[in-house]
Every structure is written in structure tokens, then in C-alpha cells.
Amino acid sequence: MRQTDEDSFRRFATRYAASLRRSAFLFCGDWHLAEDLMQQTLIKVYRSWSRVQKDESLANYGRTVLLRTWLDEKRRPWRRSEQSEAAVPEVFDPRSDPAEGAHRMWARDLVHRGLLRLPPRQRAVLVLRYFDDLSVAETAAVMRCSEGTVKSQTARGLDALRASVARLSAEELGPAAGRYVS
């Protein structure tokens, strides 16, 4: 690879590695696997860098490669029976009230566990649309499907996520769950 290509890839990797890792975590629910997926994605992008860098949407290409890498990893036989229920890392927010911070962390963990219960395509659509803040058209381009599919998967995913969060909340809180989940 030429030095100019090498430098442009390093700029790309520096700029997008953290967001790719975050998206990978939201896809799979495991920080270690997310790190592996991000690295595999960067390796794949590096291999095709001379062909891809002329394209203006490098970020979307990276997301597409990440999504395909995760789906390929999910299809592997040894991943099928594995369920990761690791705790979401706590992040300290000094501006928040401790009671409110605990409630926000509980709600974030609840939504994340609900997200992990969704089918892969619905989870991918919700992560790309609401966590990566992509439009319907951009999400369709990343997932290589129609905009109608993105819209229907989003609607189904949100319904399934609401139901999953309500079930998880009811399991944890019992009758008081209605106060926190609407």
C-alpha cells in the first residue's frame, strides 16, 4: 500500500474505530467480541482500501462491513448456543443525582437486555437508526435492503423491544413496573 493510502486509512481508523466498536457492542452485547468485530472490520476495510477510498461514504461502508462481519460471526456453530448475560459496564456521571443516576443506569441496562433479545436484523436496524442516527435510506444502504424493509423491521423491532422491556421490567419490579415503563 502506498504511503498516502496508509495515512488515509489511519485517519479513517482513528476517526471511526470507537463508533464501530460501540455499534458492535450494541449488536452483540459483549465488549470483548465487539473489540474483535471492530478489528476484523478494520482489517477487511484495509484489504480493500485502494478500491473503497474513492467512495464518499466510507463510514457507511465500514458499518456495512461491521454488520456483515457480525452476522457471519453469529452464524458460526459455536456461537449459536452461547448466551452472553454480562453486566453492562457502569459509567460515572458526576452531574447526576445518585438516585437518578441509578434509575437511568437501571433503565439503560433494561433496554440493552431487551435489545439483546431481538432477532439480529431488527436489532441491527434499531442500532443503526437510533444509536448511529442514520436515516432510513442510509440504513437501507448499510444493510443492503429496501427502505420499506428498514421501515417494517424498525416498526417490528420497536414493538418487540417494548414488549421485551415490559417483560423484563415486570420480572424485576413486579406490580410496580407500570410506573417506569410506558
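Here the structure is shown first, and the text comes after it.
The present account deals with the structure reproduced in this document. Quantities reported herein were computed from a predicted structural model and do not represent experimental measurements.

Right, let's talk about the side chain of Ser164 for a bit. Along the chain, the position of Ser164 falls in helix α9 (residues 147-173). Residue classification places Ser164 among the buried positions, given a relative accessible area of 2%. Apart from residues no more than four positions distant in its own chain, Ser164 is found in contact with Gly114 and Arg117.

Moving on, we come to helix α1 (residues 3-28). The terminal C-alpha atoms of α1, which comprises 26 residues, lie 35 Å apart, in line with the 38 Å expected from a rise of 1.5 Å per residue. Of all bends in α1, the biggest is about 45°, found at Tyr16. Just downstream of α1 lies Gly29, where phi reads positive at about 80°.

Two side chains of opposite charge can pair, provided their charged atoms sit close to one another. Enumeration over the complete set of coordinates arrives at seven salt bridges. Two residues, Arg63 and Asp132, come together in a salt bridge whose shortest N-O distance is 3.6 Å. Here Arg63 is found in helix α4 (residues 58-75), whereas its partner Asp132 is found in the loop between α7 (120-131) and α8 (136-143), with 69 residues between them in sequence. Just as Arg63 is buried, Asp132 falls in that class too. Of the charged contacts in the structure, one is a salt bridge between Arg162 and Asp159, with a shortest N-O distance of 3.1 Å. Separated by three residues within a single helix, Arg162 and Asp159 lie in helix α9, roughly one turn from each other. Residue Asp159 is classed as partly exposed on the basis of its relative accessible area, which comes to 49%.

Glancing now at the packing of aromatic side chains. Summed over the entire model, instances satisfying the criterion amount to seven aromatic pairs. On the numbers, 6.3 Å between centres and 40° between planes, the contact of Phe9 with Phe12 is tilted. Residue Phe9 and its partner Phe12 are located together in helix α1, separated by three residues, close to a single helical turn. A ring pair is formed by Phe9 and Tyr46, whose centres lie 5.0 Å apart and whose planes are at 70°; its orientation type is edge-to-face. Placement of the pair is Phe9 in helix α1 and Tyr46 in helix α2 (residues 31-47), with a sequence separation of 37 residues. Judged by relative accessible area, Phe9 falls into the buried class, the value being 9%. One aromatic cluster in this structure is built from Phe9, Phe12, Tyr16, Tyr46 and Trp49. Arg129 extends its terminal NZ or CZ atom over the ring of Tyr130, reaching a point 5.6 Å from the ring centre.

What counts and how
- Residues numbered from 1 in each chain as written.
- Predicted model: local features only at pLDDT ≥ 70, side-chain atom pairs only at ≥ 80, totals over all residues.
- Heavy atoms only, no water.
- Helix = DSSP H or I, 4+ residues; strand = E, 2+ residues; numbered from the N terminus.
- Buried < 20%, exposed > 50% of the residue type's maximum accessible area, 1.4 Å probe, protein only.
- Contact = heavy atoms within 4.5 Å.
- Expected span 1.5 Å × (residues − 1).
- Bend = angle between axes of the 7 residues up to and from the residue.
- Salt bridge = Lys/Arg side-chain N within 4 Å of Asp/Glu carboxyl O.
- Phe/Tyr/Trp six-rings, centres within 6.5 Å; stacked < 30°, edge-to-face > 60°.
- Lys NZ or Arg CZ within 6 Å of the ring centre and 35° of its normal.

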